[in-house]
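Summary of the model geometry
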Amino acid sequence: MHSVFGRGNAMAAYALSVLAGLTFCCFLSTVFLDYRTPATINTRQVVVKSIPDYSASREKNDLGFVTFDLKTDLTHLFNWNVKQLFLYITAEYQTPSNEFNQVVLWDKIVLRGENAVIDLKNIHAKYYFWDDGNGLRGHKNVTLTLSWNIIPNAGLLPNVGAIGSHSFAFPAEYTTARV
Amino acid sequence: MNHYAMKEYRSWNLDYDGQGRSEKISRLIITLFGVVGLVWGYIIQQFSETVYVLFAGFFLAACLTVPPWPMYRRKPLPWQKPRPAPREEGSETQSPKTKKKK
């Protein structure tokens, strides 16, 4: 510590160690919080088509078209250790060929400070609802769930599921009309 | 580095007691600002404010303890006077030798 550089260096190193400690305290203050909250999803239009999946096998696979409503209030989830929420809606169902299918249909980023009261009506899925076969037509129990991935300043990146989901059935006949 | 520059450089140094005190003071200031910043950031739920308060403490501590203020130079050690070189009066050969001993 006898020189100017030595003192400046020691001080900067100590300040960074303190910063690491403060960051850890920030993490500790939020790690046990419960980030679940209710959300309601409803489907409006549900149709299924049988068309070739050129991105995969070129065989005719089932493609679902779903429009839905989403309503939830995520305002209270934000705190000093949440920078943004990554919302996504997954469709989950079981088919004879797969025990568990999970398809992401829609997502949205909500930054801290933005409006976190979500009230969407009759929105289209952002991503294709492909089945890897013919499992969608006439399926009785497909479940839509909203989940969010919390992006913090420091700490874990938890995936939290909303309380509440919506189950619906696909029609028994393929649609040939344009959707 | 000639003799004059050497002396100039050494004038930035603290004495032993001052080194200890400067480190103690800087750590105290940074820790204090860190704790206050953490509480403040928690109250307003903004971690960036915590970081800014900590940086403010760092700059305050830097201003108070990095420059060789007189308060850190009050107890110089009573070094003994350098002994004269044993032999050879030539100043050309003498000066590098004494420098090395320092």
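Note that the structure is a prediction, hence the values are computed from the model and not measured.

Residues and elements named next belong to chain A. Its location among the elements puts Asp69 in strand S2 (residues 60–73). Given a relative accessible area of 15%, Asp69 falls into the buried group. Here the side chain of Asp69 touches Arg44 through a polar contact of 2.9 Å, side chain to side chain. Every residue in contact with Asp69, bar those within four places of it in the chain, is listed here: Thr40, Ile41, Asn42, Arg44, Leu120, Lys121 and Asn122.

This part takes up the pattern of salt bridges. Applying the stated rule across the entire model yields 7 salt bridges over all chains. Among the ionic pairs, A:Lys126 bridges to A:Asp107, the shortest N-O distance being 2.6 Å. Of the two residues, A:Lys126 is situated in the loop between strand S5 (117–124) and strand S6 (129–130) and A:Asp107 in strand S4 (residues 101–111); the sequence distance between them amounts to 19 residues. Accessibility expressed as a relative area gives 46% for A:Lys126, which makes it partly exposed. Judged by relative accessible area, A:Asp107 falls into the buried class, the value being 13%. Where B:Arg21 meets B:Asp17, a salt bridge forms, and the shortest distance between an N and an O atom there is 3.8 Å. Taken together, the positions of B:Arg21 and B:Asp17, both in helix H2 (residues 16–44) and 4 residues apart, correspond to about one turn of that helix. Look at B:Asp17 and you get partly exposed, because its relative accessible area is 31%. Through salt bridges with shared partners, one network takes in B:Asp17, B:Arg21 and B:Lys75.

Another point: the domain arrangement of chain A. Residue and element names in this part refer to chain A. Domain annotation of chain A identifies domain 1 (1–30) and domain 2 (35–168). Each of domain 1 and domain 2 has a C-alpha centre, and these two points are 43 Å apart. Domain 1 puts 5 residues into the contact, and the matching count from domain 2 is 7 residues. Each partner contributes to the roughly 500 Å² buried at the junction of domain 1 and domain 2, and carbon and sulfur atoms together form 72% of this total. Interface area lost by domain 1 to domain 2 is led by Cys26, Phe27 and Thr30, which between them contribute 82%. The tally of links between domain 1 and domain 2 comes to 0 salt bridges. At the boundary of domain 1 and domain 2, one finds 2 residue pairs in polar contact (both at pLDDT 80 or more). Residues belonging to the side of domain 1 that touches domain 2 are distributed by class as follows: 2 nonpolar, 3 polar and no charged.

What follows deals with the interface of chain B and chain A. Contact residues are listed per partner, giving 28 residues for chain B and 21 residues for chain A. Note on chain B versus chain A: buried area summed over both sides is about 2200 Å², and carbon and sulfur give 73% of it. If you sort the residues of chain B by the area they bury against chain A, B:Gln45, B:Phe47 and B:Val66 come out on top, with a joint share of 28%. Across the chain B-chain A interface, the total number found is 0 salt bridges.

Conventions we followed
- Residues numbered from 1 in each chain as written.
- Chains lettered and ligands numbered in written order.
- Predicted model: local features only at pLDDT ≥ 70, side-chain atom pairs only at ≥ 80, totals over all residues.
- Heavy atoms only, no water.
- Helix = DSSP H or I, 4+ residues; strand = E, 2+ residues; numbered from the N terminus.
- Buried < 20%, exposed > 50% of the residue type's maximum accessible area, 1.4 Å probe, protein only.
- Polar contact = N/O pair within 3.5 Å; in protein donor to acceptor, adjacent residues only side chain to side chain.
- Contact = heavy atoms within 4.5 Å.
- Salt bridge = Lys/Arg side-chain N within 4 Å of Asp/Glu carboxyl O.
- Domains from an automatic or database assignment.
- Buried area = accessible area lost by both parts, 1.4 Å probe.
- Nonpolar A, V, L, I, M, F, W, Y, C, P; charged D, E, K, R; others polar.

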